[in-house]
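In case you want the letters, here they are:
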Amino acid sequence: MIFRHPLTPESVTRIIRRRLTYFASVAGLTILGAGLMAHVLFRSDAVTSDGRTWNSLTILSMVLFVPLFYHLVGGVAIFALGLYVEARGRGNPLSLFHNLPKEGDPNQPPMATTAICIPVYNEDVTRVFEGLRVVFRDLEKTGQLQHFDFFILSDSDQTSNWVEEEVAWMELCRQLGAFNKIFYRKRRKALNRKSGNISDFCRRWGSRYRYMVVFDADSVMSGETLVKMVRMMEGNPAVGILQTAPRLIGGESLFSRVFQFVSRLYGPIFCSGLNYWQVGESNYWGHNAIIRIEPFMKFCALPDLPGSEPFGGRILSHDFVKAALMRKAGFYVCLVPELEGSFEEGPPTLLDHLKRDRRWCQGNLQHFWLLWAKGWTAVHRLMLVNGVMSYAASALWFLYLMVGTLNAISGDFEYPAIFHVKAKLVLFLTLGLIFIPKIIVYFRTLFDFKQVQQFGGHWAFTVSFLGETVFFVLLAPVFMIFHARFVVLTILGQGVRWATQNRKSEDEVDWREAILNFWTATAFGVVWGVSTYIVSPALFLWLSPVLLGLLLCIPFHIISGSANLGRKARELGFFLTPEEISPPWVVKQLGTNLEKAYRRPQPPESHRRDHGLMMALLDPYVNALHLSLLRQRKNPPPETREFFEETRAKLLKEGPPAIVGKDKTALLYDYDSVKWLHQQLWSSDSKELALWWQTAIRQYNTVTVEPVTPLYR
């Protein structure tokens, strides 16, 4: 079985027809909206004090409106196509999923060697390794485990995370009997972040495998899904990347639960719409995807952009670029929305979501320089444009509202354009494009008894639907302000640093943190609202949804980020998803394992920050493991020996808090230092050691060791 669409005239005709449908819909609606807005802004009954029907602000409003409306229409057209695909309900003749022979069919493609790569950077070690455990166990059930190996690729620079990863790897291998199946590597230099980590794997081990499946630290996939992905790739040698549509799980805070509900309700439809017109030229999202390693290594090396960050240097949003490079090389990038069993987690709070968006914003804006690169297909070039617009649209929307406000405040027109009947028509058209697809999905789900039960039943689903609508009405202005700010900061040359992503929900959110991060948005909303109300109460009324979101962003962050409220919503049946009503085995087992793991005793607060360092130097088991994974340095230069001797002595006399982080990391990389410190801690008179170490040794000697995870004693 070969991926058919590039090879037969019938398939090419289908693809052309699909893309014409999409582009004609987008172009037609954009022209309609632009025409209506032109009638509003340049109508003859609205004149300036000098007799003109326009001014510079009017022209600017029109210039800003067109790309904004195009961006809105593009998303709506994809959603409408997804609704069509879902309503049609027939097998897709261009889908790899529907063309895959059933299990047991003699034409079933064979399996091939596949590496599952899990890049980590200061992640929750328990979550990473328990996720790996359930994937491993589920693959065992398929009888195809022998074709898969697992690689934990660590760039963690916090010593406790590093040591915990080593011990968790050893214990997991011991418990699963998987020393020849699960491998751990800690890079000494974390060059090029996640992209560099995957590249490092490809250089070292890529030639041993035909495929690799890339996970995020919070990814989970079922064994059946992994096996199907390999079979699809084996049966379709023209495919270079196969991307699943992961579903959100594990949300505890109200914020993450709402996103989880929305993603599950609308996400499959949107992905079906994307796949309808993109077909073999889809995007790669960086995780929960399978990649053909040979062409990936040969064609997908990332170039450095000219200049320095944020616009130059290393590409941050590298996934879109790799997909374009794979397609440029003649291989297809396929999205398979029908493939179940792919899961990930989302940010727990608004602030965590915005921190991630800050990094993505810079990466997507870098794509601007790639738009004119040679060899891109038209579809991938368009997706790079859409990637830029995903954040630039917020800046354009903000400017559009500011221009409209200034136009009204200036009083240059006798009759402000926004109050004209045609302006209301534009407003209703825009609201219709936003809300009518949502309403269709609501009634479609409500009248499907089996499906609505998977969302908690009719009453709970209705409350959840109304709740998420209000939620995103309040959230949209906050995204607008912050995304616009991110765009401006990037243009002004302020880059971002590589930071650990928070994935855990807290019972309550810190008010101080909320005020520090959102007070400027609230203050801006107050000034904007008061100014418009003084000049024009009618204009204030039109802007009230935007102003309300800005005024409430601090309490919104506090309330939505609460895990207590999230759990309460779940108890009441709100924002439920099918993965919670009828959880797949990997999701259910992961939750059970984490619940048990998080009940284990934790180190005392005073030693928690350096607990990994403490165990690497105190515990004979952990010390031996860590030493076995280090390279022993031969004949270091005198200045290096002197540095380590001074740092070791300071560590013993003053304790880890007196040593800066990079020096702790350097000590843990040095074989002789780790071995010498272990010997000194157990052979020295305790009175010669820092009080920190005396307390640590007493704790070590008096607390019972837990066999599963020696780090938590």
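Relevant structure appears above.
Source: prediction; values computed, not measured. (Residues numbered from 1 in each chain as written. Predicted model: local features only at pLDDT ≥ 70, side-chain atom pairs only at ≥ 80, totals over all residues. Heavy atoms only, no water.)

1. Structural notes on the sheet that holds strand 7 (residues 247-248)
One open sheet accounts for three strands, arranged 5-10-7; its pairing is mixed. On the outer flanks of this sheet lie strand 5 (220-221) and strand 7, each paired with one strand and no other. Here two bridges tie strand 7 to strand 10 (residues 342-344), and the two strands are oriented parallel to one another. Paired with Leu248 across the bridge in strand 10 is Glu344. (Pairing = 2+ DSSP bridges. Helix = DSSP H or I, 4+ residues; strand = E, 2+ residues; numbered from the N terminus.)

2. Observations concerning the side chain of Thr490
Locating Thr490 in the fold gives a position in helix 15 (residues 458-491). Accessibility expressed as a relative area gives 0% for Thr490, which makes it buried. Excluding its chain neighbours within four sequence positions, the residues that come into contact with Thr490 are Pro310, Phe311, Arg358, Cys361, Gln362 and Leu365. (Buried < 20%, exposed > 50% of the residue type's maximum accessible area, 1.4 Å probe, protein only. Contact = heavy atoms within 4.5 Å.)

3. Some words on the pairing of strand 6 (residues 239-244)
The two faces of the sheet receive side chains in turn, since in a regular strand these alternate between them. Judged by how many residues are buried, strand 6 sits mostly within the fold: six of six residues are covered. With five bridges joining them, strand 6 and strand 9 (residues 332-336) adopt parallel strand pairing. When the sheet's bridge partners are listed, Ile241 is paired in strand 9 with Val333.

4. Considering a positive patch on the surface
Where like charges cluster on the molecular surface, the positive patch consists of Arg188, Lys189, Arg631 and Arg633. In this fold, Arg633 is placed in the loop between helix 24 (620-628) and helix 25 (638-654). On the accessibility criterion, Arg633 (37% relative accessible area) is partly exposed. (Patch = residues over 30% accessible without salt bridge, like charges linked within 9 Å, V, L, I, M, F, W, Y side chains within 5 Å. Areas by Shrake-Rupley, 256 points an atom, 1.4 Å probe, with all protein chains shown as cover. Salt bridge = Lys/Arg side-chain N within 4 Å of Asp/Glu carboxyl O. Lys, Arg positive; Asp, Glu negative; His and termini not counted. Charge placed at Lys NZ, Arg CZ, Asp CG, Glu CD.)

5. Here's the deal with the pattern of salt bridges
Summed over all chains, the structure comprises 24 salt bridges. A salt bridge links Asp200 to Arg203, with the nearest nitrogen and oxygen atoms 3.9 Å apart. Taken together, the residues Asp200 and Arg203, both in helix 6 (residues 193-205) and three residues apart, mark about one turn of the helix. Residues participating in the shared-partner salt-bridge network are Arg185, Asp200, Arg203 and Arg204.

6. Re the packing of aromatic side chains
On inspection of all chains with the given rule, the structure shows 40 aromatic pairs. An aromatic cluster of at least three residues, connected via ring pairs, comprises Phe261, Tyr442, Phe443, Phe447, Phe455, Phe461, Phe465 and Phe575. Cation over ring: Lys328 sits above Trp376, and NZ or CZ is 5.7 Å from the ring centre. Arg648 extends its terminal NZ or CZ atom over the ring of Trp676, reaching a point 4.8 Å from the ring centre. (Phe/Tyr/Trp six-rings, centres within 6.5 Å; stacked < 30°, edge-to-face > 60°. Lys NZ or Arg CZ within 6 Å of the ring centre and 35° of its normal.)

The values are spatial; any link to function lies outside them.
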